[in-house]
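Residues per chain are reported as follows:
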Amino acid sequence: MKTALRRILSESARLDVSPDSLADDADLYAAGLSSLATVHLMLAIEDEFGVEIPDRMLTRRLFSSIDSMAAAVTELQQAKAA
Amino acid sequence: MNAPLLDPAAPAASPAPAALTAIEPEPGWRAAAQRCAAVAAQFADAVDSEARFPVEAFAALKHERLLSAMVPTACGGAGLSLADVGAICETLAQGCASTAMIYAMHQIQVACIDEHGGASPWHRQLLAQLSEHQWLFASATSEETIGGNMRTSACAVELDGARFRIEKLAPTISYGAHADAILVTARRTAESAAADQVLIVALREKTLLEHRGVWDSMGMRGTCSEGFRLVATGLAEQILPTPFADIADQTMLPVSHTLWASVWTGVAADAVNRAKAFFRAQARSKPGSVPPAGMRLAQAVGLLQMMQARLQVALDAARAAHAARLNESQADAPLAAMLGFASDMNTLKTSISSTALDVVQEVLMICGMAGYKNGTPYSVGRHLRDLYSAPLMINNDRIAQNTASLLLAQRPAAPGRA
């Protein structure tokens, strides 16, 4: 999943650095993630993993690292499967 | 944005019944703004034709201590809210658009320092000095080779121990030659990415400004938005502690868009006043009939009222967003609300800037040749030329594209969905 997230980051987030060089817990905002780019990131995640991120989960923290996005996707996928 | 101005004339916890005494006198700053607007109006044509800084209006603004209107009272200012400062901008714009725009741009810098440097002793001291000397602050966010995108920089802060140096080629620094301090964006360090920016307060006496171009423009000629090579030095404390990305999102953009919209609304309002005067004079000369331009005047007045109402909505939204920011951690704030606020500010800017032009076009049709000619009581050539800058100051096309992206994040609430 984190490989897919890195690919999505490189495609839609327009970071200042290559996502491959980022640790799973690296601060993406510090890497140049803009609030506008989070919108595209959100749509790409929803498309890739077949989930819809509810408004209650949509915070700055959600997009703050690869770890936090992976945790959210896992949670949504589990909720969907249940 | 700040605590409202304490009205010294208001009765202090008076036990007297409120009935009939509730009508408060006009606050002093409103009358002061009107006096300044009268001075600005007197010199507006000269400022425009000579493309010079509105010195007389700024002498008046300093005399009335309106440059520190938004500075908190603890730092010697009047502590006015964003809405109050917007009202001052609107009033000034009825006299001279360049004066009002310079005043608005100055207040944007004050807001950034107050909101994001409030905890820093150096910046609080700066605001106190601004109040004491009625300093004028400008900004240098654009950069050659970068174009209009203020969210990236090529130049970088060079830190040497406790001191910094920046060198920036700025295609425009509005009234830069007349400012006492300039807020400059730059990359945090020479190694930082283009979007990893900080905002630095460069003081006049430690800043070299070398002219790189003249400001001979269609309108807003008094803003003297010339190009400069800027070389500033100073202490590392002068760098605002908050990353510029946050300053821009939370303060610079919303304050810019609301105060610019106030200016444009004021320019349109003055034009509509000219149309009303023309219409009355026309009706007077032919008693018993309504002149043909009547429908256009009704249209112009209706549009102006919509602008004023839209501006009010934006000021309320800005106040609510500011309050929300103080009450909850940024990381857990709902993103949908933040993006919604950003798109609200965007549409404010695009719609007020284009509607203001529509209003003045109507006024020109109403006043006809008297409006087209310069130097009549009904002239609106300057108004139109000044307002043509409105859709261009951060190009409306670029903003609309940005808004469209923001709208992607707004999902309509559907019944039965999370």
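Residues numbered from 1 in each chain as written. Chains lettered and ligands numbered in written order. Predicted model: local features only at pLDDT ≥ 70, side-chain atom pairs only at ≥ 80, totals over all residues.

Within an unreviewed UniProt entry, the label attached to chain B reads Acyl-CoA dehydrogenase family protein, and the organism entered is Paraburkholderia phenoliruptrix.

As annotated in an unreviewed UniProt entry, chain A carries the name Acyl carrier protein and comes from Paraburkholderia phenoliruptrix.

## A closer look at the interface of chain B and chain A
Every contact between the two is made by 22 residues of chain B and, on the other side, 17 residues of chain A. Residue assignment for the side of chain B that touches chain A shows that the elements contributing at least two residues are helix 6 (244-285), helix 8 (335-367) and helix 11 (396-407) of chain B. For the side of chain B that touches chain A, the element with the highest residue contribution is helix 8 of chain B, accounting for five residues. Looking at the side of chain B that touches chain A residue by residue, the class counts come to 16 nonpolar, three polar and three charged. (Contact = placed C-beta atoms within 7 Å. Helix = DSSP H or I, 4+ residues; strand = E, 2+ residues; numbered from the N terminus. Nonpolar A, V, L, I, M, F, W, Y, C, P; charged D, E, K, R; others polar.)

## Description of the sheet that holds strand 1 (residues 137-140) of chain B
Backbone hydrogen bonds hold the strands of a sheet together, and the pairing may be parallel or antiparallel. Residue and element names in this part refer to chain B. The sheet built from three strands is open, its strands ordered 1-4-5 with mixed pairing. Among the strands making up the open sheet, the edge pair consists of strand 1 and strand 5 (197-203). Ignoring which end each strand starts from, the neighbouring axes of this sheet average 25 degrees apart. Here strand 1 pairs with strand 4 (residues 181-187) via four bridges, running parallel. Pairing of serine 139 across the sheet is with leucine 183, part of strand 4. Each of strand 1, strand 4 and strand 5 touches helix 4 (residues 97-117); the most contacted strand, strand 1, lies at about 85 degrees to it. (Pairing = 2+ DSSP bridges. Axes fitted to C-alpha atoms, helices over the stretch in contact; angles between N-to-C directions.)

## Remarks on the packing of helix 6 of chain B against helix 8 of chain B
The description of two packed helices rests on the angle between their axes and on the distance between the axes. Residue and element names in this part refer to chain B. In contact at an axis separation of 9 Å, helix 6 and helix 8 are set at 15 degrees when each is read in the N-to-C sense. As the angle between them shows, helix 6 and helix 8 are arranged roughly parallel. The two elements helix 6 and helix 8 meet at a crossing, and its hand is left-handed. Classifying every residue of the contact of helix 6 with helix 8 gives 22 nonpolar, four polar and three charged. (Parallel < 35°, antiparallel > 145°, perpendicular 65-115°, else oblique. Left-handed = near helix turned anticlockwise from the far one by under 90°.)

## Observations regarding the nonpolar core
Ranked by size, the top nonpolar core spans 148 residues in total, and within it Cys36, Leu92, Ile200, Val263 and Val363 of chain B carry the most contacts. Excluding residues within four positions of it along the chain, isoleucine 200 of chain B makes contact with Val157, Phe164, Ile166, Val184, Ala186, Gln238 and Ile239 of chain B. (Core = buried A, V, L, I, M, F, W, Y, C linked by C-beta atoms within 7 Å. Buried ≥ 20, exposed ≤ 12 C-beta atoms within 10 Å, placed from the backbone.)

## Some points on the UniProt feature "domain: Acyl-CoA dehydrogenase/oxidase N-terminal" (unreviewed entry) in chain B
Listed under "domain: Acyl-CoA dehydrogenase/oxidase N-terminal" (unreviewed entry) in the UniProt record, and renumbered for this structure, are residues 32-117 of chain B. Summarising residues 32-117 of chain B: 71% helix, 0% strand, and an end-to-end C-alpha distance of 28 Å. (UniProt positions renumbered as here; feature names shortened; annotations may be inferred.)

## Describing the confidence of the model for chain B
Residues and elements named next belong to chain B. Residues at a pLDDT of 70 or more form 92% of chain B, whose mean pLDDT is 91. Throughout residues 1-21 the model reports pLDDT below 50, and contacts reaching past four residues in sequence, or to other chains, amount to 22 contacts. The ipTM for the predicted assembly is 0.82, set against a pTM of 0.90. (pLDDT = per-residue confidence, 0-100.)

## Looking at the domain arrangement of chain B
Where interface size is given, it is often the accessible area lost as the parts come together that is meant. All names here are of chain B. When the domains of chain B are assigned, the result is domain 1 (28-133), domain 2 (137-238) and domain 3 (244-407). The centre of domain 1, based on its C-alpha atoms, is set 21 Å off from the matching centre of domain 2. Contacts between domain 1 and domain 2 engage 21 residues on the former and 18 residues on the latter. Every element with two or more residues in the side of domain 1 that touches domain 2 is listed here: helix 1 (28-50), helix 4 and helix 5 (121-133). Per-element accounting of the side of domain 1 that touches domain 2 gives the leading share, 11 residues, to helix 4. (Domains from an automatic or database assignment.)

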